[in-house]
Amino acid sequence: MTPSSQTETRLLPVILAGGSGTRLWPLSRKHYAKQYLSLDGTTTMLQDTVARTAGLPCAAPFVICNEETRFLAAEQMRQTTNGKAMILLEPAGRNTAPAIALVALEATSLGDDPILLVMPADHKISDTNSFTTAVQGAMPLAQAGRLVTFGVAPSRPETGYGYIRAGAPVADTDACAVDAFVEKPDLATAEQYLAAGGYYWNAGIFLFRASRYLEELEKYRPDILTACNAAFAGKQGDLDFLRFDEAAFLACPDDSIDYAVMEKTSDAVVVPIDAGWSDIGSWAALWDASDKDADGNCEIGDVLSLNGSGNYINAGSRMVAAVGLTDMVVIETKDAVFVAPKAKVDQIKELVAQMTAQDRPELNHHRVVYRPWGKYDSIDIDDRHQVKRITVNPGAKLSVQKHHHRAEHWVVVRGCAKVTRGEETILLSENESTYIPLGEIHALENPGKIPLDLIEVQSGSYLGEDDIVRFEDKYGRA
């Protein structure tokens, strides 16, 4: 089958899931960005992004993410696509233009030339049917070689979004040529855009043939394509992931698809989309996009409130009680609480700067940390001890390892544990325990059919996660 006949209907979803998330701190963290969160209590934003392509003639999605979040992405794709997604790992963050180039190179490497539907993993679209209709209507444009971007008609003078200025209409379509991409405006300029018409919010969603993107990238940013080709030449499969040559990719310039290609190409068109889009760029934006009660409150979790209105309250691990709050954001997690007026939530970036300067661990991870074998929850920690609740998935195994500075006590509370301790291998059932001396080579495995839960008590002079010397690891970690 030739590429042209193959791609008459073939659509390849490309989901950009890299980057770190701090604008929704403390729910999002640097190593647990908002795309991996379930903001409605059910599926995550990444999973929702995949799900909204269900009405389109799609192949299994390509997800591009970073090293830190690869196992999160893999697990969420296993739940959503039965593991059929292709997961590509960026060796380093270089913005969207290089990331999409790696995907396009992989997509065309077998002689195919699919239409790429490029979507950020952390946006909300509430009307999936309208989204499907817009993409279907834009596919002939992409088929013909146009580079399509989707624009949202502004409903207010928003200063937090970039804008697209529409030019001449494209005959027999809903599209217009792109006249210009416009930076985030000040309020007065945004009001002018709204009054003038012909301006759209830039939704960051694109549709084009893989080959056309590579052609335009070569034309306008050959330095990016050269670096990506070198990185792609060194690609290697690693478990469920596709890796690229790190040294070559580190030499790649950092640039967005907007700057590198879309602002320069003469083939860019904008297609209007009215699908309840939001980039969920702040707590105020999330409140705006959420279901609310008669008083304008969005309350998630165990919330008890009186005489309040216009609030967003999220109780993650315990009851939150509130009286008389108006237009406030209250976010509770196991290790942090954030409180701010909705009108001032953008100042969270200043808090993040303070936490970065203080090297606060709450900026990077939740108290519950996910690993390829399961997760752990740091229940209690002090200078000389740490208590964790560890959950190991059925069939999973932690690395064969040792510690220089700590000993460990393990107590099984659910399931069965297979423990390697030096030359000894033992099985532990519920209510049984063992001790791992400092410096002892050991491993932990779940040979059962249900999750293994155990309590680990660490004691020693240093309790950091970097006090691990690995001898063997099924997940390829050093």
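For every chain, the first residue of the written sequence is number 1, and numbering continues from 1 onward in sequence order. Only residues with pLDDT of 70 or above have their local features reported here, since the model is predicted, and side-chain atom pairs are shown and tallied only from 80 upward, although totals for entire chains, interfaces and linings are computed over all residues. Based on all heavy atoms of the structure, the side-chain values leave hydrogens and waters out of the count.

1. Comments concerning the overall build of the chain
Each helix corresponds to a stretch of at least 4 residues labelled H or I by DSSP, and each strand to a stretch of at least 2 residues labelled E; elements are numbered beginning at the N terminus. Scanning the chain from N- to C-terminus turns up 12 helices and 30 strands. Rg of the C-alpha trace for the chain: 25 Å, near the compact-globule value of 23 Å for 478 residues, within the 12% margin. Here the C-alpha coordinates of the chain stretch approximately 75 × 60 × 40 Å along the principal axes. The classification of residues rests on relative accessible area computed with a 1.4 Å probe and restricted to protein chains. Under 20% of the type maximum is buried, over 50% is exposed, and intermediate values are partly exposed. Buried residues in the chain amount to 51% of all 478 residues. We take the radius of gyration over the C-alpha atoms and set the globule estimate at 2.2 Å times the residue count to the 0.38 power.

2. A closer look at the packing of aromatic side chains
Each aromatic pair joins two rings of Phe, Tyr and Trp (for Trp, the six-membered one) with centres within 6.5 Å, and gets the label stacked for planes under 30 degrees apart, edge-to-face for over 60, and tilted for any other angle. One pass over the full model with this rule turns up 11 aromatic pairs. Look at W201 and W277: their rings are 6.4 Å apart centre to centre, the planes differ by 50 degrees, and that puts the pair in the tilted class. Residue W201 is found in strand β9 (residues 199-209), and its partner W277 is found in strand β13 (residues 277-278); the two are separated by 76 residues along the sequence. As far as the burial class goes, W201 and W277 line up, both buried. Three or more aromatic residues joined by ring pairs form one cluster here, namely F71, F241 and Y475. Geometrically, a charge over a ring is one whose NZ (Lys) or CZ (Arg) sits within 6 Å of the ring centre while staying within 35 degrees of the ring normal. When the ring centre of W287 is taken as reference, the NZ or CZ atom of K342 above it lies at 3.7 Å. Above the plane of the ring of Y376 lies K388, whose end atom (NZ or CZ) is 3.8 Å from the centre.

3. Brief notes about the sheet that holds strand β20 (residues 368-371)
Taking strand neighbours across the sheet as the criterion, the 6 strands line up as β20-β21-β22-β29-β24-β27 in an open arrangement whose pairing is antiparallel. Looking at the sheet topology across the chains shown, the edges are occupied by β20 and β27 (433-436). Geometrically, the sheet is characterised by an average inter-axis angle of 20 degrees between neighbouring strands, direction not taken into account. With 4 bridges joining them, strand β24 (residues 406-414) and β27 adopt antiparallel strand pairing. Bridge pairing links V411 to S433 in β27. DSSP calls a pair of strands paired once it identifies at least 2 bridges connecting them. Structural elements are reduced to axes, namely lines fitted to C-alpha atoms, with helices fitted over the stretch in contact, and the angle between N-to-C directions of any two is expressed from 0 to 180 degrees.

4. Structural notes on empty space enclosed by the protein
Put plainly, a pocket is an open set of points on a 1 Å grid over the protein atoms alone with protein on both sides within 12 Å along at least five of seven lines, a cavity is a set where a 1.4 Å probe fits but cannot get out, and a lining residue has an atom within 4 Å of a point. Grid points are joined across faces, edges and corners, and a volume is the space filled by probe spheres set on the points. Going through the model one piece at a time under the given rule, you end up with 1 cavity of 30 Å³ or more. Roughly 30 Å³ of volume is contained in the largest cavity. As for the largest cavity, its lining consists of N297, E299, S305, L306, G308, N311, I313, A322, V323, G324 and L325. Of all the elements in the fold, those that place two or more residues in the lining of the largest cavity are β15 (303-306) and β17 (320-323).

5. A short note on the sheet that holds strand β19 (residues 337-341)
Taken together, the 4 strands give an open sheet; going across it, the order is β14-β16-β18-β19, and neighbouring strands pair in mixed fashion. With partners counted over all chains shown, the strands left at the sheet margins are β14 (298-300) and β19, one partner each. Here the strands of the sheet are splayed against their neighbours by 5 degrees on average, with no regard to which way each runs. Sheet analysis places β14 next to strand β16 (residues 312-315), joined by 3 bridges and oriented parallel. Following the sheet pairing, E299 is matched in β16 by I313.

6. Considering helix α4 (residues 96-108)
Between its first and last C-alpha, α4 extends 18 Å over 13 residues, near the 18 Å set by a 1.5 Å rise per residue. Across the 13 residues of α4, 11 count as buried, placing the element largely inside the fold. All buried positions along α4 are accounted for by A97, P98, A99, I100, A101, L102, V103, A104, L105, E106 and A107. In a helix, the anticipated span is given by 1.5 Å times the number of residues less one.

7. Looking at unusual backbone geometry
A negative phi angle is the norm for most residues apart from glycine, just as the trans form is the norm for most peptide bonds. Cis geometry marks the peptide bond from W25 to P26, where omega comes out at 10 degrees. Within the secondary structure, P26 is located in the loop between β1 (11-16) and α2 (45-51). Phi is positive for N307, close to 55 degrees, though the residue is something other than glycine. A positive phi angle is found at D359, which is not glycine, with a value near 55 degrees. Position of D359 relative to the elements: it lies in the loop between α12 (348-357) and β20.

8. Details of the environment of S461
By the element assignment, S461 lies in the loop between β29 (452-460) and β30 (469-472). When the C-alpha atoms of S461 and R406 are compared, they prove to be 6.6 Å apart, with 55 residues separating the residues in sequence. The residues touching S461, leaving out its near neighbours within four places in the chain, are R384 and H405. The criterion used for residue contact is that any of the two residues' heavy atoms lie within 4.5 Å.

9. Some points on the pattern of salt bridges
What makes a salt bridge here is a side-chain nitrogen of Lys or Arg within 4 Å of a carboxyl oxygen of Asp or Glu, nothing more. This model, assessed by the stated rule, comprises 27 salt bridges. Here E215 ties to R212 by a salt bridge, and the two come within 2.8 Å at their closest N and O atoms. On the criterion of helical spacing, the pair formed by E215 and R212 is a turn pair, its members being 3 residues apart in helix α7 (residues 210-220). You can call R212 buried: its relative accessible area is 12%. What you see here is one network of salt bridges that share partners, running through E67, R70, D238 and R243.

10. Some words on the confidence of the model for the chain
The predicted coordinates should not be examined in detail at positions where pLDDT is low. Taken over all residues, the pLDDT of the chain has a mean of 94, while the share at 70 or more is 98%. Each residue carries a pLDDT value, the predictor's own confidence for that position, ranging from 0 to 100. For the stretch residues 1-7, pLDDT sits under 50, and the model shows 12 contacts to residues farther than four places along the chain or on other chains.

11. Points about the environment of C176
Here C176 shows up in strand β8 (residues 176-182). On the basis of relative accessible area, C176 is assigned to the buried category, the value being 16%. For C176 and V148, which are 28 residues apart along the polypeptide, the C-alpha to C-alpha distance reads 9.8 Å.

12. Things to note about the pairing of β9
Burial analysis of β9 places 11 of its 11 residues in the buried class, which makes it a mostly covered element. In terms of strand pairing, strand β4 (residues 115-120) meets β9 through 4 bridges, oriented antiparallel. Note that in β9 the partner of I115 across the bridge is R209. Strand direction decides the pairing type here: strand β6 (residues 147-152) and β9, joined by 4 bridges, are antiparallel. Directly across from G151, in β9, lies its bridge partner N202. Of the strand pairs in this sheet, strand β7 (residues 163-169) and β9 are connected by 3 bridges, and their pairing is antiparallel. In the strand pairing of β9, Y163 is matched with W201.

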